[in-house]
Amino acid sequence: MTPIRRRGKAVSRVPGRRGWSRSSPRPFSGISAPGAVKDPSFRRSLALFRAFMHEQDDPEACYSLLARDAADQVEAYDGPVAGRTVVDVGGGSGYFTEEFRRRGAQAYLFEPDMGELGEKPPEGAVIADGYLLPLCDGVADVTFSSNVLEHVADPQTFLSELARVTRPGGLIYVSFTNWLSPWGGHEWAPWHYLGAERARARYRRRTGRPAKHTLGENLFAVHIGATLRQVRARDDVEIVSARSRYWPFLAEAVVKAPGLREFATWNLLLILRRCPP
Ligand SMILES: C[S@@+](CC[C@H](N)C(=O)[O-])C[C@H]1O[C@@H](n2cnc3c(N)ncnc32)[C@H](O)[C@@H]1O
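Residues numbered from 1 in each chain as written. Predicted model: local features only at pLDDT ≥ 70, side-chain atom pairs only at ≥ 80, totals over all residues.

### Overview of the site of the ligand
Thinking step 1. In the vicinity of the ligand there are 16 residues, among which G90, G92, D113, G130 and S146 approach most closely.
Thinking step 2. Partitioned by chemical class, the residues of the shell around the ligand number five nonpolar, seven polar and four charged. (Near = placed C-beta within 6 Å. Nonpolar A, V, L, I, M, F, W, Y, C, P; charged D, E, K, R; others polar.)

Here's what the structure looks like:
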């Protein structure tokens, strides 16, 4: 094992598919998918934005594009997923799991809500809570969680479980929409800026339907600054990148501006490496 330095301490390079170190945060720089659009770029952000605008009337197109984009991001940081074990936690109906499988990964979906799984979940989908995954320590090369962190009451315990199931040196992809993002209130955004209860009531008045999310029950006010401080203080993971998931430029720079980042990042993407135990 080759000694490297991490937070002032000497640690060891982990033997495995790919070594890593603090001085080489992006060990793989190529985007592997044919036709992948450069990230970040206006073209990519515009395509994603257009897809989001049609999320309700064409969810298939929206989530397929998002899944391809997220898989491209994973591969840009960590190389092709083919032949590797990918664990998708809180993966909803499985668009991301399916995309990883299309790329040759052994991908597994863990989702606690039968309703979210829908009628045609990926084969072998497991009903499981992200706080307590039915997996051994270190089984995953890549642990993936898209837009789940703001739906759990205890994000740090949730992250601990993602780290536990990831092998040392493995990659953890976590993204979430922070509370002060223009989308922070989800279906009642941007009225959450005036207060969650007011925004929910407005949603009901306007649509005639109760809102899916209730603050403090299935949606939580997660902030970027606090999350970064908590993640930096952990010793089971190291931050490879903290960036806006969708921004067309300055994706990492925006996250470095306290205050501004809470409004401007929209969705924080954390690329983490599992540290050796
Ligand atoms: C906004 S959806 C995101 C679905 C999918 N990952 C995506 O990016 O489109 C949030 C998901 O988090 C799941 N979730 C909520 N609490 C969870 C928990 N404790 N463990 C795992 N998943 C959870 C929900 O069931 C839901 O599928």
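### Details of the packing of helix α1 (residues 42-53) against helix α2 (residues 59-78)
Thinking step 1. Where α1 contacts α2, the axes come no closer than 8 Å and their chain directions differ by 150°. Considered as vectors, α1 and α2 are oriented roughly antiparallel to each other. Along this stretch, α1 crosses α2, giving a crossing that reads as left-handed. In this structure, α1 contributes A47, L48, A51 and F52 to the contact, and α2 contributes A61, C62, L65, L66 and D69.
Thinking step 2. Partitioned by chemical class, the residues of the contact of α1 with α2 number eight nonpolar, no polar and one charged. (Axes fitted to C-alpha atoms, helices over the stretch in contact; angles between N-to-C directions. Helix = DSSP H or I, 4+ residues; strand = E, 2+ residues; numbered from the N terminus. Parallel < 35°, antiparallel > 145°, perpendicular 65-115°, else oblique. Left-handed = near helix turned anticlockwise from the far one by under 90°. Contact = placed C-beta atoms within 7 Å.)

### Digging into the sheet that holds strand β5 (residues 140-146)
Thinking step 1. One open sheet accounts for six strands, arranged β4-β3-β5-β6-β8-β7; its pairing is mixed. The strands lining the two open edges of the sheet, one partner per strand, are β4 (106-110) and β7 (237-244). Across the sheet, the mean angle separating the axes of adjacent strands is 15° when strand polarity is ignored.
Thinking step 2. For strand β6 (residues 166-176) and strand β8 (residues 268-274), the ladder comprises six bridges, and the chain directions are antiparallel. By the bridge assignment for β8, F176 is matched with L268. (Pairing = 2+ DSSP bridges.)

### Things to note about the nonpolar core
Thinking step 1. V74, V86, V87 and V174 are the most contacted members of the largest nonpolar core, which totals 50 residues.
Thinking step 2. For this core, the element with the most residues is α2, which contributes eight residues.
Thinking step 3. Sequence-distant contacts of V174, that is, excluding residues within four places in its chain, are made with S145, L149, L159, L162, L270 and L272. (Core = buried A, V, L, I, M, F, W, Y, C linked by C-beta atoms within 7 Å. Buried ≥ 20, exposed ≤ 12 C-beta atoms within 10 Å, placed from the backbone.)

### Some remarks on the environment of P277
Thinking step 1. Note that P277 resides in the segment after β8.
Thinking step 2. Linking P277 and V237, residues 40 residues apart in sequence, is a C-alpha distance of 9.8 Å.

### So, unusual backbone geometry
Backbone phi values are negative for most residues with the exception of glycine, while trans is the configuration of most peptide bonds.
Thinking step 1. Look at the link from D39 to P40: it is a cis peptide, with omega at 0°.
Thinking step 2. Counting through the fold element by element, P40 comes out in the loop between β2 (9-12) and α1.
Thinking step 3. A positive phi angle, near 50°, is found at L250, a position not held by glycine.
Thinking step 4. Residue L250 is classed as partly exposed on the basis of its C-beta count, with 14 C-beta atoms lying within 10 Å.
Thinking step 5. Phi angles above zero are rare outside glycine, and W266 is one such case at about 70°.
Thinking step 6. Tracing the backbone through its elements, the reader meets W266 in the loop between α8 (260-264) and β8.
Thinking step 7. With 17 C-beta atoms packed within 10 Å, W266 lands in the partly exposed category.

### Quick word on α2
Thinking step 1. For α2, which comprises 20 residues, the first-to-last C-alpha distance of 28 Å matches the rise-based estimate of 28 Å (1.5 Å per residue) to within 8%.
Thinking step 2. Two residues or fewer after α2 comes G79, characterised by a positive phi angle close to 85°. (Expected span 1.5 Å × (residues − 1).)

### Section: α1
Thinking step 1. With 12 residues, α1 should reach 16 Å at 1.5 Å per residue; the first-to-last C-alpha distance of 16 Å fits that figure.
Thinking step 2. Where burial is concerned, little of α1 is hidden: zero out of the 12 residues are buried.

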